[in-house]
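Each chain, letter by letter, is given below.
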Amino acid sequence: MNSRTKILLIYTGGTIGMQKDSKTGALKAFNFSKLLQRVPELKQLDCEIETYSFEHPIDSSDMNPSQWSAIATVIESNYSQFDGFVVLHGSDTMSYTASALSFMFNNLAKPVILTGSQLPIGDLRTDAKENLITAIQIASMRENNQAVIQEVGLYFEYKLYRGNRTTKINAENFNAFASPNYPALAESGVYLNFKPELFLARAAGNTFNVCHSFDTNVVIIKMFPGLSETIFKAILAVPYLKGIVLETYGSGNATTEDWFISALDNAISKGIQVVNVTQCSAGSVNMGQYETSSDMKKIGVISGKDITTEAAITKLMFLLSQDIVAKDFKSIFEQSLRGEMSI
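Quick notes on the rules
Residues numbered from 1 in each chain as written. Predicted model: local features only at pLDDT ≥ 70, side-chain atom pairs only at ≥ 80, totals over all residues. Heavy atoms only, no water. Helix = DSSP H or I, 4+ residues; strand = E, 2+ residues; numbered from the N terminus. Rg over C-alpha atoms; globule rule 2.2 N^0.38 Å. Buried < 20%, exposed > 50% of the residue type's maximum accessible area, 1.4 Å probe, protein only. Contact = heavy atoms within 4.5 Å. Areas by Shrake-Rupley, 256 points an atom, 1.4 Å probe, with all protein chains shown as cover. Lys, Arg positive; Asp, Glu negative; His and termini not counted. Charge placed at Lys NZ, Arg CZ, Asp CG, Glu CD. Phe/Tyr/Trp six-rings, centres within 6.5 Å; stacked < 30°, edge-to-face > 60°. Lys NZ or Arg CZ within 6 Å of the ring centre and 35° of its normal. Pairing = 2+ DSSP bridges. Right-handed = clockwise from strand over helix to strand, strands pointing away. Axes fitted to C-alpha atoms, helices over the stretch in contact; angles between N-to-C directions. Polar contact = N/O pair within 3.5 Å; in protein donor to acceptor, adjacent residues only side chain to side chain. Salt bridge = Lys/Arg side-chain N within 4 Å of Asp/Glu carboxyl O.

A. Summary view of the overall build of the protein chain. Counting its secondary structure elements, the protein chain contains nine helices and 20 strands. The C-alpha atoms of the protein chain give 21 Å as radius of gyration, which agrees with the globular expectation for 343 residues (20 Å, within 12%). For the protein chain, the spread of C-alpha atoms along the three principal axes comes to 65 × 50 × 35 Å. Counting over 343 residues, the protein chain shows a buried share of 51%. Taking the intrachain contacts of the protein chain between residues at least 6 apart in sequence as the baseline, contacts between residues at least 24 apart amount to 73%. Accessible area for the protein chain stands at about 15,900 Å²; split by element, carbon and sulfur atoms hold 48% of it. Put simply, the protein chain has 29 plus and 34 minus side-chain charges, and the middle of one group is 4 Å from the middle of the other.

B. Structural context of the packing of aromatic side chains. Considering all chains together, one arrives at twelve aromatic pairs under this definition. Ring geometry for Tyr79 and Phe85: centres 6.4 Å apart, planes at 10°, overall stacked. Residue Tyr79 is classed as buried on the basis of its relative accessible area of 13%. Centroid distance Phe105 to Phe208: 5.6 Å. Interplanar angle 50°. Geometry classified as tilted. In this pair, Phe105 sits in strand E6 (residues 105-106) while Phe208 sits in the loop between strand E15 (192-194) and strand E16 (209-210), placing the two residues 103 residues apart along the sequence. Phe208 carries the same exposure label as Phe105, and that label is buried. The residue whose ring lies beneath Lys6 is Phe82, and the NZ or CZ to ring-centre distance is 5.0 Å. Positioned over the ring face of Phe333 is Lys315, at 4.7 Å from the centre of the ring.

C. Region of interest: the sheet that holds strand E20 (residues 302-303). With respect to topology, four strands assemble into an open sheet ordered E17-E18-E19-E20, the strand pairing being parallel. One side of each edge strand has no neighbouring strand; the edge strands of this open sheet are strand E17 (218-222) and E20. The pairing of strand E18 (residues 243-248) with strand E19 (residues 273-278) spans six bridges and is parallel. The partner of Leu246 across the bridge, within E19, is Asn276.

D. Region of interest: the pairing of E18. Counting buried residues in E18 gives six out of six residues, a clear majority hidden from the surface. Residues Gly243, Val245 and Glu247 line one face of E18 and the alternating positions Ile244, Leu246 and Thr248 line the opposite face, and both faces are buried. Pairing of E17 with E18 involves five bridges; the strand directions are parallel. Bridge pairing in E18 links Lys222 to Glu247. You can see the chain leave E17, run along helix H5 (residues 229-236) and come back into E18, and the turn it takes is right-handed. Once the chain exits E18 it traverses helix H6 (residues 258-269) before rejoining the sheet at E19, and the crossover so formed is right-handed.

E. Structural context of the sheet that holds strand E1 (residues 5-11). Ordered in space as E4-E1-E5-E7-E10-E11-E14-E15, the eight strands form an open sheet in which the pairing is mixed. A strand with exactly one partner marks an edge of an open sheet, and here the two such strands are strand E4 (47-53) and E15. Within this sheet the neighbouring strands show an average axis-to-axis angle of 20°, counted without direction. As paired strands, strand E11 (residues 159-162) and strand E14 (residues 186-188) are joined by two bridges and run antiparallel to one another. Looking across to E14, one finds that Leu160 is bridged to Ala186.

F. Summary view of the environment of Ile121. On the secondary structure map, Ile121 appears in the loop between strand E7 (112-115) and helix H4 (128-140). Accessibility expressed as a relative area gives 3% for Ile121, which makes it buried.

G. Seen up close, the side chain of Thr126. Along the polypeptide, Thr126 turns up in the loop between E7 and H4. Thr126 sits in the buried class, given a relative accessible area of 16%. Side-chain polar atoms of Thr126 contact the backbone oxygen of Pro120, separated by 2.7 Å. Excluding anything up to four places from it in sequence, Thr126 contacts Leu119, Pro120 and Ile121.

H. A look at the pattern of salt bridges. If you walk through the whole model with that rule in mind, you get twelve salt bridges. One salt bridge connects Lys315 with Glu340, and the closest N-O pair in it is separated by 2.5 Å. Pair noted here: Lys315 is in helix H8 (residues 309-320) and Glu340 is in the segment after helix H9 (326-333), with a separation of 25 residues, a long-range link. Of the two residues, Lys315 and Glu340, both sit in the buried class.

I. How the structure looks around the environment of Ile49. Tracing the backbone through its elements, the reader meets Ile49 in strand E4. Once the C-alpha coordinates of Ile49 and Leu9 are considered, the two residues, 40 residues apart in sequence, prove to be 6.9 Å apart. Discounting chain neighbours no more than four positions away, the residues touching Ile49 are Ile7, Leu9, Leu35, Leu42 and Ile136.

Right, dumping it as structure tokens:
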């Protein structure tokens, strides 16, 4: 009986799947059906690799909830046949997709690892090979007949992160991602060093299932000195608006101008959910710590705690699509569903 793990490699698009034409220098799509020929090092891994490519691979700037659903469908359809999944994805929106998938997957017991690269796989100095090889290796690792990783992760530049804790921090360096408020789950050096105490706990015995729905009637508003009352109120008055992620200063602070609090209070009274996240690269919202956030706490603004903006907006879209009564929405959002925030 063959005990080797089976990994499904899913190519959605992005830089990692490009290579330069040797004659013209132009970038063209890489044929993933010939993956082992192009990356022979993969033959050294103790796993079987099968590939699946989107019929029309996309730049990650075109990623949207229907594409998230397409990725999830591939994993859902092949869940019983494979031990792990590696999703090749453009880096620009990778953290959004990792966050979205984490909320879509209930009772995930297998690794879903997103990775990509800053340079095409055919470039001389590419980071694509290392990211690809190690992501597959991590996805294939088992212990006591169970997957070592049982959550959605993001692997980039020698580190495995919880996907919904990540954000892209650099457009040019190989270390393009960071997890500001949660340590890396594993680091790759001479050895693969896992930190199991950081892994997401999964309730034993529950069946894996996928929720595909998102409500996109949401917006992100970043606070800045000089924010116009007219424009702010106009955004809040947009028809069908159901949710707002408000990027505030520091630990959740915003202007104390009467018009601002009044506009938020009016929006909340109409059923619009308002989530407060910090625009700082690290740290947590703590409404009420300063006077400038006390009023928001009083009117029922939701605390995003130490969640990233990427996770906040995808979680908001996800929960708005669920049958949650208005009075319970705040308490449910402020719970950690997939390890996306610290309680």
